[in-house]
Amino acid sequence: MDDGKIIELYLDRSEQAITETSRKYGRYCHYVAYSILRSDQDAEECVNDTYLRAWNAIPPHRPRRLQTFLGKITRNLSLNRWEKLSAERRGAGQIPMVLDELAECVPDGESAESAVEDMVIRDILRRFLRRLPDETRRIFVRRYWYMSSVGEIAKQYGLTENQVAVTLFRARKKLKTMLEKEDIRV
Amino acid sequence: MNNKRLLYIIGELDDRYIVDAAPGAKRGRRPVWVKLAAAAACLALLLAAGIAIYRAGDASPVLIGGVRREYGRARIIGGDEAEIEWPWEYKTPAERYTSLTLDGREYVSTGRAVDGSLTGKALGVYDVEGYDSYTEETNRLRAEVFESGGICAGRVVAVKLEDGYYTFVRKESDPPKTFGEALDVYDLADVLRFDRFGTYKGLKETGYFTIGDDAAIWEVLNGCRDAECVPDEAWSRGEGDYIGFTVTSDALGVYKRVFYVSGDGYISTNIFNYAYSFRIGEEAAESIISYAVRNGTEIPFEPYTNTLAGTVTDISDGYILVDDSVLCRDRADGMTFRIPTDDLRISRCIDFRKIGIGDLVVVSFTGAIDVEAGGLVVGAYNLSKGTLSDGGAAVPE
């Protein structure tokens, strides 16, 4: 079923919307959650919560792209759950490594943490991604949005793990330079 | 934690990047047209595999750029260089500058030249950008931008680079809602010509034809303006009878794409870079198919790109000479081909691949071979070292 029809089902308050969403994007959402949580049970709970959030959001919201609408909800819910689990010392998955890597992008200094600055960072990220070659951009997004492991990325793109690691290293360096130029301290 | 803040902000990336990088993603919609292109031209398979093979087959005559050759079982297999990322100084202007932002809209280069006479109204001077992956820097050039033919500038434009005009197409755009919208926005009746087509049963090609006059086809298509754009999965090539026109248009910046018309009432094409299908109805489709089949003249199948192969016998006077005796049943029947070296795409291969006299090579070209001009190869764009095989596994010579 195409996305437009699924969204119509949500708008009509038909519970088939959840069935169709699960059929089409269940595996995708599970992937997003599992990459963060590394637990089938936790991932499944996040995916179910995602459907509930979608049900509550549509209407009035009408997503432009259902896949990423669901993916972003799943990612946020999974990160929240990961934080809770980590506080209970049960956190696993790629997050600790991803956070270590992202720390390399963060210029030194005090952070302002304002909504305006978040907007500036989003704009820098947009420009940064636009300038990256297609494959580098995909690798960056796979690592830091999907939190896929380096090995998995290497396998999908037919590269060695070392090549992926070097690509990511250079991309992080470039992002740090751009953030520094704008005097952003994340 | 600061890095955690960055992790959450990354979560709000543009949707297109998230979809593009999704696990098992189809890399946007591109594979759809790659698949379609492969159907129109079997050799696209070789490009996708990154391998160029020149093959004589089992001692049957072959046509190379329109020239008939009598080859034996031997073949030459060459590594294709299409995937090489050339250093900046080895790139042609069209390869260097690949992106343009015009009034907030992103365009990417098709790499295809368009004659200056086909350009329309001047749109202004804009920055074109190119990424040098060796220095990791983005280079910019101020360039004049024009309409391309009568095509809406919101979809395709022509950019004047130092050696000519090149088409740039809009990176992301909504599909035309109807075929009529596609006709108008892309000025299709003026920029497209239907003169070659293949006939198909399921995935099997059953013939390849040329057709002299396409006016009757346009008449039918103009009557299908209300045909709605349908999802990709509405029609697939797997079943039924259909024809596929091979279409090239400089103004659109497309080369040997396909335009299918199916007996069950669909047209499907990749000429807009993405694959779009429209439901035109069985009656209209059938009248196009029957007209084409009635008026078509069968011709040999044309590969997506031509290749020739042989031994380098000389590199001088602006040409590299390649002799194909090694492939002939009778070596005395060998023919010499002349490949101009004033084209950077050829000279860089000689430099970079250290090609010398005595090497076996594979040459890719898009034009024909002019026998009168001493075997001059027109449109040569790639040259790679090859290995000789006697019908079995390739062995380096």
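Novice: I'd like to hear about the pattern of salt bridges, residue by residue, with values.
Specialist: All chains considered together, the criterion is met by 31 salt bridges over all chains. A salt bridge links B:Arg140 to B:Glu129; its shortest N-O distance comes to 2.9 Å. Taken together, the residues B:Arg140 in strand 8 (residues 137-148) and B:Glu129 in strand 7 (residues 119-132) connect sequence positions eleven residues apart. In this structure B:Arg140 comes out as partly exposed when scored by relative accessible area, which is 42%. In this structure B:Glu129 comes out as partly exposed when scored by relative accessible area, which is 24%. Because the salt bridges share partners, they merge into one network encompassing A:Asp123, A:Arg126, A:Arg127, B:Asp14, B:Arg16, B:Glu106 and B:Lys171.

Novice: With reference to specific residues and values, describe the sheet that holds strand 16 (residues 266-272) of chain B.
Specialist: Residues and elements named next belong to chain B. The strand order 13-17-16-15-14-11-12-18 describes an open sheet built from eight strands, whose pairing is antiparallel. Pairing within the sheet leaves two strands with one partner each, and these edge strands are strand 13 (229-230) and strand 18 (297-298). Looking at chain direction, strand 15 (residues 254-262) and strand 16 are connected through three bridges and run antiparallel. Along strand 16, the bridge assignment pairs Tyr260 with Ser268.

Novice: So, a negative patch on the surface: which residues are in play, and what are the values?
Specialist: On the surface, B:Glu239, B:Asp264, B:Glu282 and B:Glu286 cluster together to form a negatively charged patch. Residue position: B:Glu239 is located in the loop between strand 13 and strand 14 (241-249).

Novice: Give a description of the nonpolar core that names residues and reports values.
Specialist: General note: in soluble globular proteins, nonpolar side chains tend to be found buried as a group. Residues A:Phe128, A:Phe140, A:Trp145, A:Tyr146 and B:Ile10 are the most contacted members of the largest nonpolar core, which totals 66 residues. If you tally residues by element for this core, the top one is helix 2 (residues 16-37) of chain A, at nine residues. Per-domain counts for this core show at least three residues from each of domain 1 (3-87) and domain 2 (95-181) of chain A. The residues touching A:Phe128, leaving out its near neighbours within four places in the chain, are A:Phe140, A:Ala171, A:Lys174, A:Leu175 and A:Met178. Among the nonpolar cores identified, the runner-up in size contains 41 residues, and B:Phe209, B:Ile211, B:Ile217 and B:Ile280 belong to it.

Novice: A description of the interface of chain A and chain B should follow, citing residues and the corresponding values.
Specialist: If you look at the interface, chain A gives 48 residues, while chain B gives 32 residues. Interface area for chain A against chain B, summed over the two sides, is near 3900 Å², with a carbon-plus-sulfur share of 59%. The tally of links between chain A and chain B comes to five salt bridges. At the boundary of chain A and chain B, one finds twelve residue pairs in polar contact (both at pLDDT 80 or more). Residue assignment for the side of chain A that touches chain B shows that the elements contributing at least two residues are helix 2, helix 4 (66-87), helix 5 (95-103), helix 6 (115-131), helix 7 (134-144), helix 8 (150-157) and helix 9 (161-181) of chain A. Among the elements that line the side of chain A that touches chain B, the one with the most residues is helix 6 of chain A, at nine residues. Broken down by class, the residue content of the side of chain A that touches chain B amounts to 22 nonpolar, seven polar and 19 charged.

Novice: An account of the packing of aromatic side chains is requested, with residue identities and associated values reported.
Specialist: Using the criterion set out here, one finds 25 aromatic pairs over all chains in the structure. With 4.7 Å between their ring centres and 45° between their planes, B:Phe194 and B:Phe245 make a pair best called tilted. With B:Phe194 in the loop between helix 7 (188-191) and strand 11 (196-201) and B:Phe245 in strand 14, this residue pair connects regions lying 51 residues apart in the sequence. Through a chain of ring-to-ring contacts, three or more aromatic side chains come together here, namely B:Phe179, B:Phe194, B:Phe197, B:Phe209, B:Trp218, B:Phe245, B:Phe259 and B:Phe278. Just above the ring of A:Trp55 sits the side chain of A:Arg13; from NZ or CZ to the centre is 4.0 Å. Taking the ring centre of B:Tyr319 as reference, the NZ or CZ of B:Arg338 above it sits at 4.3 Å.

Novice: Tell me about helix 7 of chain A, and please be specific about residues and values.
Specialist: When you tally the buried positions in helix 7 of chain A, you get nine out of eleven residues, the bulk of the element. Taken together, the buried positions of helix 7 of chain A are A:Thr136, A:Arg137, A:Arg138, A:Ile139, A:Phe140, A:Val141, A:Arg142, A:Arg143 and A:Tyr144.

Novice: Requested: an account of the confidence of the model for chain A, with residues and values cited.
Specialist: Mean pLDDT over chain A stands at 83; residues scoring 70 or higher make up 88%. Element-level pLDDT for chain A is lowest in helix 6 of chain A, with a mean of 80, against a maximum mean of 92 in helix 7 of chain A.

Novice: I'd love a proper account of the confidence of the model for chain B, names of residues and values included.
Specialist: Residues and elements named next belong to chain B. When pLDDT is averaged along chain B, the result is 83; 85% of the residues meet or exceed 70. Low confidence marks residues 26-58, where pLDDT is under 50. Its contacts with residues over four positions away, or in another chain, come to 72 contacts. Counting contacts from residues 391-397, a segment whose pLDDT is below 50, to residues more than four positions away or on other chains yields eleven contacts.

Novice: Requested: an account of the packing of helix 7 of chain A against helix 9 of chain A, with residues and values cited.
Specialist: Residue and element names in this part refer to chain A. Orientation of helix 7 relative to helix 9, taken along the N-to-C sense of each, is 90°, at an axis distance of 10 Å. In terms of orientation, helix 7 and helix 9 fall into the roughly perpendicular class. Of the residues in helix 9, those in contact with Thr136, Ile139, Phe140, Arg143 and Tyr144 of helix 7 are Val164, Thr167, Leu168, Ala171, Arg172 and Leu175.

Scoring rules and cut-offs
Residues numbered from 1 in each chain as written. Chains lettered and ligands numbered in written order. Predicted model: local features only at pLDDT ≥ 70, side-chain atom pairs only at ≥ 80, totals over all residues. Heavy atoms only, no water. Salt bridge = Lys/Arg side-chain N within 4 Å of Asp/Glu carboxyl O. Helix = DSSP H or I, 4+ residues; strand = E, 2+ residues; numbered from the N terminus. Buried < 20%, exposed > 50% of the residue type's maximum accessible area, 1.4 Å probe, protein only. Pairing = 2+ DSSP bridges. Patch = residues over 30% accessible without salt bridge, like charges linked within 9 Å, V, L, I, M, F, W, Y side chains within 5 Å. Areas by Shrake-Rupley, 256 points an atom, 1.4 Å probe, with all protein chains shown as cover. Lys, Arg positive; Asp, Glu negative; His and termini not counted. Charge placed at Lys NZ, Arg CZ, Asp CG, Glu CD. Core = buried A, V, L, I, M, F, W, Y, C linked by side-chain atoms within 4.5 Å. Domains from an automatic or database assignment. Contact = heavy atoms within 4.5 Å. Buried area = accessible area lost by both parts, 1.4 Å probe. Polar contact = N/O pair within 3.5 Å; in protein donor to acceptor, adjacent residues only side chain to side chain. Nonpolar A, V, L, I, M, F, W, Y, C, P; charged D, E, K, R; others polar. Phe/Tyr/Trp six-rings, centres within 6.5 Å; stacked < 30°, edge-to-face > 60°. Lys NZ or Arg CZ within 6 Å of the ring centre and 35° of its normal. pLDDT = per-residue confidence, 0-100. Axes fitted to C-alpha atoms, helices over the stretch in contact; angles between N-to-C directions. Parallel < 35°, antiparallel > 145°, perpendicular 65-115°, else oblique.

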